[in-house]
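Secondary and tertiary structure notes
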Amino acid sequence: MQPDDDAALVAGLRAGDAAAFDRAYELYRARLFTFLLRLSRSTTVAEDLLDETWLRLVAHARALRPDTRLAAWLFTVARNLYWTHRRSSQFEESATAGLLTLWPAGPRWPSPFDLATASELQRRVEDALASLPPDHREVLLLVGYEELTPSEAAAVCGVTPEAMRKRLSRARADLAAALDRAPAQPAKKARFAIKRSYGT
Amino acid sequence: MNPSDTHDDPIMDALRELHRWDVSAVRARRLRERCHRSLAAQQPLTRGRQDRATTLSRRTLRVAVGAWCCVYLFETLRRAAAFYWF
């Protein structure tokens, strides 16, 4: 997205223009959701955090500076919300460790259908990415997937560009190692997972 | 690793090829409507808050200037009295 387009969107949002909000929403909704989904690895959490991110944009729309880079602003809010959620959920898990078996849910993502339809390489990359710690995952997602500039990604993560460069380097090495470790899953296994899941 | 070199990297290329996900159409529409309502409801509220803040700061400034003038006048009179009459 061009900075001029961003400036026009931000100007519209500052004026409380619903059409400007709609344009921003269409541009960034899927990007934010994908980012949050891969970060949290839970559809429910990603949906909730996505809602909160957009509501925060609306609440702060008039206070945005005219030169705000909307992508960086949104990803910063989404990322901070994720880390806040993570800290609170870790506290809850430690406080209720003995009760965890009462909850039947596991991570709802990815579904067996997603696993089967994704290409083998994509599946391996998804698995390898999911195995990384969240701070490495977020760096790879921001720079590698969302193609934010390094300075934008550094601002989103609240670190210096130099620290970002080091973190990216480590994350990339971790991903490469995880990809080497990830076993190839036979297609038959994925098909069985679908049959079991959908009862066909 | 230089972040600007990520375009020549097979690992980063593989990342770029990953699928993009989105929420359901129903959920997306609900959230949009909620944000529209919030955007519409915020306008007069924000203006009211800004007006109140402006009025408060002006009032504070007036009181401060008035107090400073009183102190200045009192001190001038006191010194004049001390010089001429005592």
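Right, let's walk through the structure included here. What you are looking at is a predicted structure, and each value in this text was computed from that prediction instead of being measured.

Attention shifts here to the interface of chain A and chain B. Contacts between the two partners involve 45 residues from chain A, matched on the other side by 30 residues from chain B. Taking both sides of the interface into account, the surface hidden between chain A and chain B amounts to around 3,800 Å²; carbon and sulfur atoms contribute 63%. When residues of chain A are sorted by the area they lose upon contact with chain B, A:Arg62, A:Tyr145 and A:Arg172 head the list and together hold 17% of the total. Where chain A packs against chain B, one counts 9 salt bridges. For B:Arg32, the salt bridge identified is with A:Glu26, shortest N-O distance 2.3 Å. Mapped by element, the contributors of at least two residues to the side of chain A that touches chain B are helix H2 (18-40), helix H3 (43-60), helix H6 (120-130), helix H7 (134-145) and helix H9 (161-181) of chain A. Top contributing element to the side of chain A that touches chain B by residue count: H2(A), with 12 residues.

The next thing to look at is the packing of aromatic side chains. Two aromatic rings are characterised by how far apart their centres lie and by the angle between their planes. Residue and element names in this part refer to chain A. Scanning all chains against the criterion turns up 7 aromatic pairs over all chains. Aromatic side chains Phe21 and Tyr25 sit 5.5 Å apart centroid to centroid with 25° between the ring planes, which places their arrangement in the stacked category. With Phe21 and Tyr25 both in helix H2 and 4 residues apart, the pair spans about one turn of that helix. Look at Tyr25 and you get buried, because its relative accessible area is 0%. Where Tyr82 meets Trp83, the ring centres are 5.4 Å apart and the plane angle is 70°; that geometry is what we call edge-to-face. Exposure class is identical for Tyr82 and Trp83. Each is buried. Cluster of aromatic residues (ring-pair linked, three or more members): Phe21, Tyr25 and Trp54. Here the guanidinium or amino end of Arg38 rests over the ring plane of Tyr145, the centre of that ring lying 4.9 Å away.

Now for H9(A). When the terminal C-alpha atoms of H9(A) are compared, their 30 Å separation across 21 residues agrees well with the 30 Å that a helix rising 1.5 Å per residue should span. All of the buried residues in H9(A) are A:Met164, A:Arg167, A:Leu168, A:Ala171, A:Leu175, A:Ala176, A:Ala178 and A:Leu179. Buried residues along H9(A) sit against H6, H7 and helix H8 (150-157) of chain A together with helix H1 (10-16) of chain B.

Residue and element names in this part refer to chain A. Where H8 contacts H9, the two axes come as close as 9 Å, and the packing angle between them is 95°. Considering the angle they form, H8 stands roughly perpendicular to H9. Contact residues: Pro150, Ala153, Ala154 and Cys157 in H8; Pro161, Met164 and Arg167 in H9. Tallied by class, residues from the contact of H8 with H9 come to 6 nonpolar, no polar and 1 charged.

Definitions and cut-offs
- Residues numbered from 1 in each chain as written.
- Chains lettered and ligands numbered in written order.
- Predicted model: local features only at pLDDT ≥ 70, side-chain atom pairs only at ≥ 80, totals over all residues.
- Heavy atoms only, no water.
- Contact = heavy atoms within 4.5 Å.
- Buried area = accessible area lost by both parts, 1.4 Å probe.
- Salt bridge = Lys/Arg side-chain N within 4 Å of Asp/Glu carboxyl O.
- Helix = DSSP H or I, 4+ residues; strand = E, 2+ residues; numbered from the N terminus.
- Phe/Tyr/Trp six-rings, centres within 6.5 Å; stacked < 30°, edge-to-face > 60°.
- Buried < 20%, exposed > 50% of the residue type's maximum accessible area, 1.4 Å probe, protein only.
- Lys NZ or Arg CZ within 6 Å of the ring centre and 35° of its normal.
- Expected span 1.5 Å × (residues − 1).
- Axes fitted to C-alpha atoms, helices over the stretch in contact; angles between N-to-C directions.
- Parallel < 35°, antiparallel > 145°, perpendicular 65-115°, else oblique.
- Nonpolar A, V, L, I, M, F, W, Y, C, P; charged D, E, K, R; others polar.

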